[in-house]
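# Survey of secondary and tertiary structure
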Amino acid sequence: MAGAIVAMALSATSFGVSLENSSYDWRMRVTARPDTARQDIVFVEINDSSIAALEPVFGRWPWPRVVHASIIDYLVRAKARVIAYDVLFLEGDTRAAFPVGDRTMTGAESDAELAASIKRAGNVVMLADATYEGLQSGADAATLVPPSLPGRTWTVPGFEAWPALRLPLPLFASGAAAIGHNLYKHDERDRGTARSFNPFLEIGPYSVPSLGMAAALVALKLDPRDVSRPGASTMKIGASEMPLLDGTRALLNYRGPFQRGAADAPQRLYHTESAFDVLLSEENAAAGETPPIDPSVFRDKIVFVGVGAAGLYDVVVTPFPQSASTPGVFLHAALADDVLSARFLRKASRASAWGMSVAGGVAAGVVALMLPVWWAIAAVLGAMALFGAWLTWQFGHQVWFAAVAPMGATAVALFAGTAWNYFVEGRDKRRIKQLFGRYVSRSVFDQLQANPAMAKLGGTRREMSVLFSDIRGFTAASEKATPESVVAQLNEYFTVMVRVLHAHQGTLDKFVGDMVMGLFGAPVDDPQHAEHAVAAARDMVRELARLNARWAAEGRAPLDIGIGVNSGEMIAGNIGSEAIMSYTVIGDAVNLASRLESLNKDFHTRIIISDATRKQLVRSDDVTPLGEVTVKGRTQPVAIFEVRVPFGE
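A brief structural summary.

Rules and cut-offs
Residues numbered from 1 in each chain as written. Predicted model: local features only at pLDDT ≥ 70, side-chain atom pairs only at ≥ 80, totals over all residues. Heavy atoms only, no water. Pairing = 2+ DSSP bridges. Helix = DSSP H or I, 4+ residues; strand = E, 2+ residues; numbered from the N terminus. Axes fitted to C-alpha atoms, helices over the stretch in contact; angles between N-to-C directions. Phe/Tyr/Trp six-rings, centres within 6.5 Å; stacked < 30°, edge-to-face > 60°. Buried < 20%, exposed > 50% of the residue type's maximum accessible area, 1.4 Å probe, protein only. Lys, Arg positive; Asp, Glu negative; His and termini not counted. Salt bridge = Lys/Arg side-chain N within 4 Å of Asp/Glu carboxyl O. Contact = heavy atoms within 4.5 Å. Expected span 1.5 Å × (residues − 1).

Glancing now at the sheet that holds strand E12 (residues 234-237). Taken in spatial order, the 3 strands of this open sheet run E11-E12-E13, and their pairing is antiparallel. The two strands at the open ends of the sheet, each matched to only one other strand, are strand E11 (227-231) and strand E13 (240-243). Across the sheet, the axes of successive neighbouring strands diverge by a mean angle of 30 degrees, strand direction being ignored. Here E11 pairs with E12 via 3 bridges, running antiparallel. Counted as the bridge partner of Val227 is Ile237 from E12.

A separate point is the packing of aromatic side chains. A full pass over the atoms with the stated rule returns 17 aromatic pairs. With centroids separated by 6.4 Å and ring planes inclined at 75 degrees, the aromatic side chains of Phe58 and Phe98 adopt a geometry described as edge-to-face. Of the two residues, Phe58 sits in helix H3 (residues 48-58) while Phe98 sits in strand E3 (residues 98-100), which places them 40 residues apart along the sequence. In this structure Phe98 comes out as buried when scored by relative accessible area, which is 10%. Pairing Trp390 with Phe401 gives two aromatic rings, centres 5.2 Å apart and planes at 35 degrees, and the pair type is tilted. With Trp390 in helix H12 (residues 373-396) and Phe401 in the loop between strand E20 (399-400) and helix H13 (404-425), this pair connects stretches of sequence that are 11 residues apart.

Attention shifts here to the side chain of Glu202. Of note, Glu202 is situated in strand E9 (residues 200-203). No salt bridge is formed by the buried Glu202; the nearest opposite charge belongs to Arg229, separated by 6.6 Å. If we ignore the near neighbours within four places in the chain, the residues touching Glu202 are Val156, Pro157, Gly158, Phe159, Glu160, Ala161, Trp162 and Ser207.

Take the pairing of strand E21 (residues 460-472) next. Most of E21 sits out of view: 10 of its 13 residues are buried. As defined by bridge partners, E21 adjoins strand E23 (residues 515-520) across 6 bridges and the pair is classed as antiparallel. Residue Ser465 lies in a different strand from E23, and its bridge partner there is Phe520.

Turning to the sheet that holds strand E15 (residues 271-274), a few remarks are in order. The 6 strands lie next to each other as E6-E5-E2-E16-E1-E15, forming an open sheet whose pairing is parallel. Only two strands of the sheet have a single partner each, and these edge strands are strand E6 (178-181) and E15. Across the sheet, the axes of successive neighbouring strands diverge by a mean angle of 25 degrees, strand direction being ignored. As judged from the 6 bridges shared by strand E1 (residues 41-46) and strand E16 (residues 302-307), these two strands associate in the parallel manner. For Ile41, the partnering residue across the bridge sits in E16 and is Ile302.

Let us now look at helix H17 (residues 483-503). Taking 1.5 Å per residue, 21 residues should reach 30 Å; H17 reaches 30 Å between its end C-alpha atoms and fits that length. Those residues of H17 not exposed but buried are Val486, Gln489, Leu490, Tyr493, Phe494, Val496, Met497, Val498, Val500 and Leu501. One or two residues past the end of H17 sits Gln505, with phi positive at roughly 60 degrees.

So, in structure tokens, the structure goes:
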């Protein structure tokens, strides 16, 4: 009984919760069955190749709204059952005239095209923003509670109250079939893993479903009366009941991991098509030609359209280590899969944990006192292995029983029983063990014990700087050269750029195509990370100028670069699978640095830094303000600055 009390108390601590979550993740990985994922859920991924293909026509992301209209038009042409659009359209497009085929169009006209497509479709579920931090302030929140919700609505009281919601532009929202929020909860205590979702949020007088829940409800054609709360721990959805965690959240019963690779790769959990191929299909179909994607791919399917391009999506962590950087749209699809299949994961009651803890503790204590030490340990460990297998089997049958408390109670009882035998009956054996123990190096032992922990997935929050550097116009230049010369020139360029990073205490994070990503302040702390990052940016420009001079003499094409630097709090650590990991950083501050790099093309500059970086500089005589810009993912303008370096200094 004492072991059960100790174990239950331990399980309620942060350490105990983290252990339980780790066991949850392991059981999820073991029992997940990708073959049971619904075949009527399809992804349209706005991936890197789609963005690259459209960049010569429409520029960098975000695309004009008329592009999204074409995606919706083809999905309607293919008779998709529901179109869940995981892209925020909160403001109007302010672009001036831009070419679309053989005509020109303004941003307002482009918006009108999207609004018309949404209205014609009649089955588009649009995304509303519930994650903006400004929603937590009273003044902002008061102005952001919508006077009404467009599309289909449900009244399901008892969920988490949320201060406000930012709806899509009324022009778009008015034609939507429903609105879905984008809030999900992750556990900060262990890598921020997403294990649950808010099916609904209470926002003012409204119950707002998540995007995945809204898509499922529209697909099931459920009226408001078909969705209710019969009790604090359940929600009725049509004929099925969804168990609720703490009365407000639903556990995500993942069918498998999110996998990267080609859009049509067989390892993808849900069938995926690239946005560019969908656009090309609409163009061909409108011209009476055969589209590259057969309409049957989308017919009567729930289609999730979301961003999967690097640096443009919200990174979420799932229980699967091979999908450490998962786009948020995958969570919406996982929830929709659970609802459509009525396949919900339920957490067993705390009383069951108490019962199993008491039973395990008593049994282990009796065995430890009755049998010799090693026999007792072997018997109890064997029983614990069988119990773990039973827990895993139950998890596979959609019941999450606690593992830490029963296992802990058993271990405490085993330790107490064997300790009694050790101290009371094993004095001679202990003396022999102590003698032989003198021949073993404790430092070597400790090191061997510590090394496995170094390979575990995890991370820490750091105040640091990140640098993105991208070659300008390289694609066009490379088309005129042989593959061998392109690779040789890139390797020469990368060699010099990495040398510059290392010279300024930087860490090379990765190469992405012709882009260089560098870290300052990780994995080793650096109080002058911002100063070193900007100094590295200056030297990158200078070194490239020297390279260009030599390349020109050799008859090779010169290169130009754009660099973005931002400083702030980021999550740094080993991210990946147990077989392959890489040290990298994630967070909003990282995304902003990527956005700053891309702004160089618009401002005709080479180095742009944020105000957060500028404030930490000792030398700022070559820094000039560029004004404020609003970047994707932020509603507040960001002050940006140019670092002037003569190209040839």
